[in-house]
Amino acid sequence: MIRRPPRSTLSSSSAASDVYKRQNPNPNPPAPAEGSAAQSSQEVERTAQEFERTAQEWSAVQQHEASEHEGDSEGENPVREPLSSDQALEGLLETDLSEELLQIQPTRPPDGFLARMASCFAPSLEAGLIGERNHFFALAKLKYSDSAKDDLHLSMLRTVFTVMTNTPMADTVMTVGRKGPHWQDIGFQQNDPATDIRGTGMLGVLQFVWLVTEYPGVARFVHQASCIAERGVHHMSQFPPVCTGFEFTKMTLEAMRDGTLIRRANACGQVWLPTFELFGAGLLKFGTAWKRDRLSIKEYLGAKTEVMEFCKSNPDRAIQEFHQAAKALSNTTEDSSCLLYTSPSPRDS
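From a predicted model like this one, the values you see are computed outputs, not experimental measurements.

A. Highlighting the packing of helix α13 (residues 272-292) against helix α14 (residues 300-313). Interaxial distance between α13 and α14 falls to 10 Å at its minimum, and their mutual angle equals 140 degrees. By the angle between their axes, α13 is oblique relative to α14. Our pair here, α13 against α14, has a crossing hand that is right-handed. On α14, the residues touching Leu-278, Ala-281, Gly-282, Lys-285, Phe-286 and Trp-290 of α13 are Tyr-300, Ala-303, Lys-304, Val-307, Phe-310 and Cys-311. By residue class, the composition of the contact of α13 with α14 is nine nonpolar, one polar and two charged.

B. Spatial organisation of the environment of Lys-179. Along the polypeptide, Lys-179 turns up in the loop between β2 (174-175) and α8 (194-197). Each C-alpha atom of the pair Lys-179 and Asp-192 lies 4.9 Å from the other, and the pair is 13 residues apart in sequence. Discounting chain neighbours no more than four positions away, the residues touching Lys-179 are Asn-191 and Asp-192.

C. Main features of the environment of Leu-278. By the secondary structure assignment, Leu-278 is in helix α13. Discounting residues that sit within four places of it in the chain, Leu-278 has contacts with Met-251, Thr-252, Ala-255, Leu-261, Cys-311, Pro-315, Ala-318 and Ile-319.

D. Layout of the side chain of Ser-296. Relative to the helices and strands, Ser-296 resides in the loop between α13 and α14. Residue classification places Ser-296 among the buried residues on the basis of a relative accessible area of 16%. Ignoring sequence-local partners within four residues, the contact set of Ser-296 consists of Met-236 and Trp-290.

E. Broad picture of the confidence of the model for the chain. Averaged over all residues, the pLDDT of the chain is 79; the fraction at 70 or higher stands at 66%. For the stretch residues 64-76, pLDDT sits under 50, and the model shows 18 contacts to residues farther than four places along the chain or on other chains. Note that pLDDT drops below 50 for residues 332-349; the model gives that stretch 49 contacts with residues more than four away or on any other chain.

Analysis parameters
Residue numbering note: each chain is counted from 1, following its sequence as written. Local features in a predicted model are, by the rule used here, given only for residues with pLDDT of at least 70; side-chain atom pairs are given and counted only at 80 or more, and totals for whole chains, interfaces and linings are based on all residues. Side-chain measures were taken over the full set of non-hydrogen atoms in the model, leaving aside hydrogen atoms and water. An axis is simply a line fitted to the C-alpha atoms; with a helix, the fit covers only the stretch in contact. Between two such axes, the angle follows the N-to-C directions and lies from 0 to 180 degrees. Helix numbering and strand numbering both begin at the N terminus, where a helix is a DSSP run of H or I of at least 4 residues and a strand a DSSP run of E of at least 2. Between 65 and 115 degrees an angle is taken as roughly perpendicular, under 35 as roughly parallel, over 145 as roughly antiparallel, and anywhere else as oblique. We call a crossing left-handed when the near helix sits turned anticlockwise from the far one by less than a right angle, and right-handed when that turn is clockwise. By the convention used here, residues are in contact when the closest approach between their heavy atoms is within 4.5 Å. Classification convention: Asp, Glu, Lys, Arg as charged; Ala, Val, Leu, Ile, Met, Phe, Trp, Tyr, Cys, Pro as nonpolar; all other residues, Gly among them, as polar. Each residue's exposure class comes from its accessible area (1.4 Å probe, protein chains only) as a fraction of the maximum for that residue type: buried when under 20%, exposed when over 50%, partly exposed otherwise. Note: pLDDT gives the predictor's confidence per residue, expressed from 0 to 100.

Put into structure tokens, the structure is as follows:
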């Protein structure tokens, strides 16, 4: 934050003081003697110049104060409505991902003779989806940036926060600071959420945007099950939902790299929806187990590993159970198990 300097150090104040001191304190000065008219004219001209300089310096002070207020409000832009997952995806794909595309590993070579034999009979991703798959992996390499176009990255984070915490936005303006302890209320480990985004890049945030906008009831259930914002709950009985979600983003990357989701991606005609659904399935299943079995941080790793193994080995069943559970949470009757990402999807509210 830019702090205002003491008024004694402001140049305009000093200039104004100098002008004031130069003024004659006598309200009824004697008339100038004859022959001093030229000298008086010069003094008047100098005084006018002093006042003009003072006015310019005072204008500079006002501009300084205006910029100071702008600095105070930086990172506090109001959030009036959530950013849709389509808007987030479109904005991210407009980013120059040339460097990230050079770093990706979209497939994993089979290890061993049997694995190579099995790969000969495994389904291949349709040629038209290869570019989409590559961009899926590239977004996992994309770092958070405060200079993203239209503050896209920060808007995505704010969408996740406001929806997960069920913050009303219709009638009030909610401000979510770029940094602060409020981020820990949804499961970031630091006051700066960018520090936790490094592992899965902006892909992890995108998957959360999809979850909170397509299935806000699921996102809120996971948030409540984590007890992360409950001050009276012991920390051993809490888990960080956002950071845990990023672990399931890694699971979707592994599932796509191993070919587990290829058949479903081909059937849906895209890569985004199956990976998003598997992300939601894993996080919801973990949150359900945490609440139902009253798990603690001691069982965290084991429960997470068990859920991930189930989702990667049975993606179709995991996604089916996800939709069933989401329907139970939201009373949604429409089935979207294989809708295109850009097609209308059921929303729970």
